[in-house]
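# Structural overview for review
Letter by letter, the chains look like this.
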Amino acid sequence: MDCVPVLDEPLKKVLGGNTAKVMAEHLGLHTVGDLLHHYPRRYAERGELTRLADLPLDEHVTVVAQVADARVHKFNSGRGQRLEVTITDGSGRLQLVFFGKGVHKPRAELLPGSRAMFAGKVSVFNHKRQLAHPEFKLLRADSGSDAVEAFANQLLPLYPACKQMESWQIQQAVDTVLGPAGQEDTVLAGLIDPLPESLREGRGLATLPGALRRIHRPRTKADIADARDRLKWDEAFVLQVALARRRQADATAPAAPRRPVDGGLLDAFDARLPFTLTDGQKRVSAEIFADLATDHPMHRLLQGEVGSGKTMVALRAMLGVVDAGGQAAMLAPTEVLAQQHHRSITEMMGELAEGGMLGGAEQGTKVVLLTGSMGAAARRQALLDLVTGEAGIVIGTHALIEDKVQFHDLGLVVVDEQHRFGVEQRDALRSKGKQPPHLLVMTATPIPRTVAMTVFGDLETSVLDQLPSGRSPIASHVVPAKDKPHFLARTWERVREEVAGGHQAYVVCPRIGDDEDEAKAAKEKSAEDEAEKRPPLAVLDVADKLAAGPLRDLRVEVLHGRMAPEAKDEVMRRFAAGGVDVLVATTVIEVGVNVPNATAMVIMDADRFGVSQLHQLRGRVGRGSAPGLCLLVTEMPEASPARGRLGAVAATLDGFELSRIDLEQRREGDVLGQAQSGVRSSLRVLAVIEDEEVIAAAREEATAIVTADPELTGYPELRTALDALLDKEREEFLDKG
């Protein structure tokens, strides 16, 4: 957003090499402008103690508190020592723990009665929250130092920080950049303001220099509110202008219309269906076919609850495209899912999937599978069928994206479980069309970026909110294994009851537990972790314990991603055929696995999974006429945010509602996609759910400006801001969709 030399200046010139290196590597901050747009997360008041009662687990926090007690404990026959410091702020108490050589400095400085700022990651040990080896800075009222004077009677900004760079170090860096109080405007004078003056004045928003000064050095809480209101508008408006320009470009991009023909493949398929489509499936199909009939590429998100019949809607769209002389490709995230889709689609189509083969229907087509583990001969044949156009439909994994895969005339790309693919992967497949193919993206739970883009109004969205007849409800419960061990015992009794009733069950674990997995886990552990946190439960360990213990005499098998493809397929076939009672698996079963006889799922260490993932996993049960049961096993304490997430999952089966919860908790990633490459969000003050009204208003303003002046010739400052926001990589990301 900034192109003035002082704001483009590398931080190493202003702050020194070591500080700049840490900021670049761990916070993604490279220039003075980057640092000024790294806003405080919240503020502590000098005379006010931060509430320890509300600390979030597993997050890096900064607190201001008073030392109540400090004790050294010896262990290992006196050779080891551990310092435990209790701090308080009136709302609660928190334990700090220091080990080994790290004991000396805090032991000398953290005396009862002293006050300090503490920073570290909140963890739980023996049911109590703690900070292990926190960084700290004493606040001595009598020292008369510049640092303490700076704190006096002020709101203290607490910045998003990391282990290598604490909040107060970031504040010192900002102070260095802004200069002495009252002289900030000389640094900020050259800022380019992306908001047109008429818009800013019409909505009563602060100037950009004023907003940045107030966000970093507020005198009052009203200063903070004014600054945030203005900075939210910057983020919403510039992004909305980018999206409005893209929508305008999309509306003029060419694509081949794909209209089904009367009496063709789609009609023949519909005639052989043993059931009628739900009203929702008919409505969504009509929306998709209307898009396919236009000469601009469809760009539609199909959001459907787990089991709502998305695959059927997608298959009918693919058949319509084949009718129109094109080909359709379905991209699936795993080989298990690709094979399952291929099996279910060929079964649904019957002889219609055997076009050109003996016994195939006259208006049929070939449906081929393409995965990385296929044999050379089968792969060669599949590639030949695609390039000649013999195969109208191909279902595959990432193998579809490879350069050697060529199509005769690719007309439609269907992406299943959109959040499992990067934008580049989807785009690589779309680029295989002679002109841009139509795109249909399917998901059972929109992940944050998708919800964000939906709220930003950039995807056409269809919703399937009706389950086909014959589907059963799923009851979900949280099992607090540590607080109530008898609940866990009852969990395995329930699994036995389901199996005794002729049904089957899944047990899901976060880890595999093989040699490679163990080596990785060991590498990631620190000495403190050893003392405080056990590794996540593993498939191989849990399967052995269940088979020898509570589930002995049941047929227990394992499934995970490092098994050979043919072994995975064999286990899934036997499970689907009823030859396995309990399948202990990783999230390899997360999407698309369809075994109607499986009625129970136990998710171990459920707190280690995200909200969307839990919802996906749960969707594997209740797919037949018997009701489904999902048990979320956790050792987290009741007050923890992780338990809150599990409670939310147990309380609703609504995927949209869960995605909103997910979005509020995890933020939206980067709406421009950098989160997919591990860089932090470009949205720093704008929260997609909370600020929907700001986003909607910014969208209206942006659309009006872009409609009247598509090239923004009358808005040079806005163009500059767009250029800074949309560097080459991000511009391409937006173009790809």
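Described below are features of the structure shown in this document. (Residues numbered from 1 in each chain as written. Predicted model: local features only at pLDDT ≥ 70, side-chain atom pairs only at ≥ 80, totals over all residues. Heavy atoms only, no water.)

## A word on unusual backbone geometry
- Phi angles above zero are rare outside glycine, and H127 is one such case at about 65 degrees.
- Within the secondary structure, H127 is located in the loop between β5 (115-125) and β6 (128-132).
- Despite not being glycine, D605 has its phi angle at roughly 50 degrees, a positive value.
- Here D605 lies in the loop between β20 (598-603) and α24 (611-618). (Helix = DSSP H or I, 4+ residues; strand = E, 2+ residues; numbered from the N terminus.)

## Here's the deal with helix α7 (residues 167-178)
- An ideal rise of 1.5 Å per residue puts 16 Å on twelve residues; α7 measures up with 17 Å between its terminal C-alpha atoms.
- Residues of α7 that are buried: S167, W168, I170, Q171, A173, V174, V177 and L178.
- Positioned one or two residues after α7, G179 has a phi angle of 80 degrees, which is positive. (Expected span 1.5 Å × (residues − 1). Buried < 20%, exposed > 50% of the residue type's maximum accessible area, 1.4 Å probe, protein only.)

## Considering the nonpolar core
- M318, M349, I393 and L412 are the most contacted members of the largest nonpolar core, which has 39 residues in total.
- A total of nine residues in this core trace back to one element, the largest contributor, which is helix α14 (residues 310-323).
- With residues near it in sequence (within four places) discarded, M318 still touches A328, M330, I345, I393, L412 and V414.
- Formed by 32 residues, the second largest nonpolar core is a distinct cluster that contains A585, I589, L632 and L646. (Core = buried A, V, L, I, M, F, W, Y, C linked by side-chain atoms within 4.5 Å. Contact = heavy atoms within 4.5 Å.)

## Section: the sheet that holds β20
- The strand order across the open sheet formed by six strands is β16-β21-β20-β17-β19-β18, and the pairing between neighbours is parallel. Single-partner strands in this sheet number two, and they are β16 (474-480) and β18 (556-559). Adjacent strand axes in the sheet meet at a mean angle of 20 degrees, parallel and antiparallel pairs treated alike.
- Sheet analysis places β16 next to strand β21 (residues 628-634), joined by seven bridges and oriented parallel. Counted as the bridge partner of P480 is T634 from β21.
- In the packing of helix α23 (residues 565-576) onto the sheet, contacts are made with β17 (504-508), β18, β19 (582-585) and β20, and the angle to β18 comes to roughly 140 degrees.
- Here α24 sits on the sheet in contact with β16, β17, β20 and β21, set at roughly 150 degrees to β20. (Pairing = 2+ DSSP bridges. Axes fitted to C-alpha atoms, helices over the stretch in contact; angles between N-to-C directions.)

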